[in-house]
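# Observations on the three-dimensional arrangement
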Amino acid sequence: MFWKKNKEPKVEIFRHEAPTIKRKKEAIKYIKEFYKYKSNVNGAGGLDRYLNDYEGWLKYLEESRNRIPNEEKVPSETYFLVRINDNKIIGMVNIRTCLNEKLRNGAGHIGYGIRPTERQKGYNKINLYLALKRCNELGIEEVLMDCDKKNPASAKTMLALGGVMIKERENKEDNIIEQVFTIDVKKSLADNAEKYEKLLKEWILGTLQKIQKFWILGTLQKIQKFCQQRRFILAI
C-alpha cells in the first residue's frame, strides 16, 4: 500500500510477464537506464547482450527454457516485473530451474534486479516473492541465492522473504566477497502471502470476481424474496 500526497491510498499491482516482441522498446530502454546510472545489470537473462537483436534474445530465451541441463548450462526462465497501474517494466528476474555444480557454487537459482529510478520502494521483494511462486510451481523446495557483501539491499530482500545466510565465500574472478542464502520456498510463501498477494494482479482479479459473485447472489436473493412475498415464481 502506497500513499499519495492527498493521503488517499493507492494500491500498486504487479505481475511477472514473459518477454514478447511488444515490449521491445521498453525492454531496451530498461537496460539503457542501468547504463545511464552506471549500475550493474542483474536478472535480465542476458538482454544486455542483445540490445541490437531483441528478436534474437527472445529466441535465446526459448532455447534457454527448453535446454537440457549439463555442467555448463541449465534451463532458465526470464520475466519482466510489470507494474499494472502504468504498464511499466519495473524489474526483471531470471530463474534457473535446476542447478549444476557450477551454479551451486555460484549464482544459484535466482538473479533479480530493479531499474535504478524505481529502487528503495520494496519492489524487489515483490519480484522475489513472484519468483518463489514460480519456483514452487516448478517443484523447487529450497532456493539458493547469493549477493555481493557490499550490496546490503539485496541481502535485506532475501532476509525479508525468509532467507538464511549459510556462508560467505570469496569470488576471486570478480574480486568480491559473496554472501550465500537459502530460502525454504513453501515456508516463505506461507509466511508472506498475506503481505504480498494483495499486490498481485491475480489476487485483485480474484477478489473482484468474488465481490461480483456475492453482489449478484445478494441481488438475486432479494429479487427471489420479493417474488415469494408476492407469490411469484423465480427460477434461478
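Above this text you will find the structure in question.
The structure presented is a predicted model; accordingly, all values stated were derived computationally and were not measured.

Parameters at a glance
Residues numbered from 1 in each chain as written. Predicted model: local features only at pLDDT ≥ 70, side-chain atom pairs only at ≥ 80, totals over all residues. Heavy atoms only, no water. Pairing = 2+ DSSP bridges. Helix = DSSP H or I, 4+ residues; strand = E, 2+ residues; numbered from the N terminus. Axes fitted to C-alpha atoms, helices over the stretch in contact; angles between N-to-C directions. Core = buried A, V, L, I, M, F, W, Y, C linked by side-chain atoms within 4.5 Å. Buried < 20%, exposed > 50% of the residue type's maximum accessible area, 1.4 Å probe, protein only. Contact = heavy atoms within 4.5 Å. Phe/Tyr/Trp six-rings, centres within 6.5 Å; stacked < 30°, edge-to-face > 60°.

## Side note on the sheet that holds strand β7 (residues 142–148)
Here we have 3 strands laid out as an open sheet, ordered β7-β9-β8, and antiparallel in their pairing. Looking at strand neighbours, the two that pair on one side only are β7 and β8 (164–171), the edges of this open sheet. With strand direction ignored, the average angle separating the axes of adjacent strands in the sheet is 25°. Where β8 lies against strand β9 (residues 176–184), 7 bridges are found, and the strand directions are antiparallel. The residue bridging Glu170 from the neighbouring strand is Ile177, located in β9.

## Considerations on the nonpolar core
Formed by 31 residues in total, the largest nonpolar core has its most connected members in Ile110, Ile126, Leu128, Leu132, Val143 and Met145. Contributing elements (two or more residues each) for this core: β4 (76–83), β5 (88–96), β6 (110–114), α4 (123–137), β7, α5 (152–160), β9 and α6 (185–196). Looking at which element gives the most residues to this core, the answer is α4, with 8 residues. If we skip the residues at most four places from it in the chain, Leu132 touches Ile110, Val143, Leu161, Ile183, Val185, Ser188 and Leu189.

## Focus on the pairing of β6
Most of β6 is tucked away, with 5 of its 5 residues classed as buried. Covered by surrounding structure in β6 are Ile110, Tyr112 and Ile114 together with Gly111 and Gly113, the residues of both alternating faces. Judged from the 5 bridges that link them, β5 and β6 form a sheet pairing that is antiparallel. Bridge pairing in β6 links Met92 to Gly113.

## Observations regarding the side chain of Thr182
Note that Thr182 resides in strand β9. Owing to a relative accessible area of 15%, Thr182 belongs among the buried residues under this scheme. Apart from the residues lying within four places of it in its own chain, the contact partners of Thr182 are Glu142, Val143, Leu144, Gly162, Gly163, Val164 and Ile166.

## Structural notes on the packing of aromatic side chains
Aromatic ring pairs are defined here through the distance separating the ring centres and the angle between the ring planes. One pass over the structure, following the stated rule, counts 6 aromatic pairs. Considering the side-chain rings of Tyr50 and Tyr60, the 5.6 Å spacing of their centres and the 25° angle between planes classify their relative orientation as stacked. Of the two residues, Tyr50 sits in the loop between α1 (24–36) and α2 (54–65) while Tyr60 sits in helix α2, which places them 10 residues apart along the sequence. Tyr60 sits in the buried class, given a relative accessible area of 19%. Their ring planes at 50° and their centres at 5.4 Å tell us that Tyr54 and Trp57 sit as a pair that is tilted. Remark: Trp57 and Tyr54 occur in helix α2; sequence separation between them is 3 residues, near one turn of the helix. The exposure class of Tyr54 is buried, given its relative accessible area of 1%. Residue class for Trp57 comes out buried when judged on its relative accessible area of 0%. Grouped by ring-pair contacts, the aromatic residues Tyr54, Trp57 and Phe80 constitute a single cluster.

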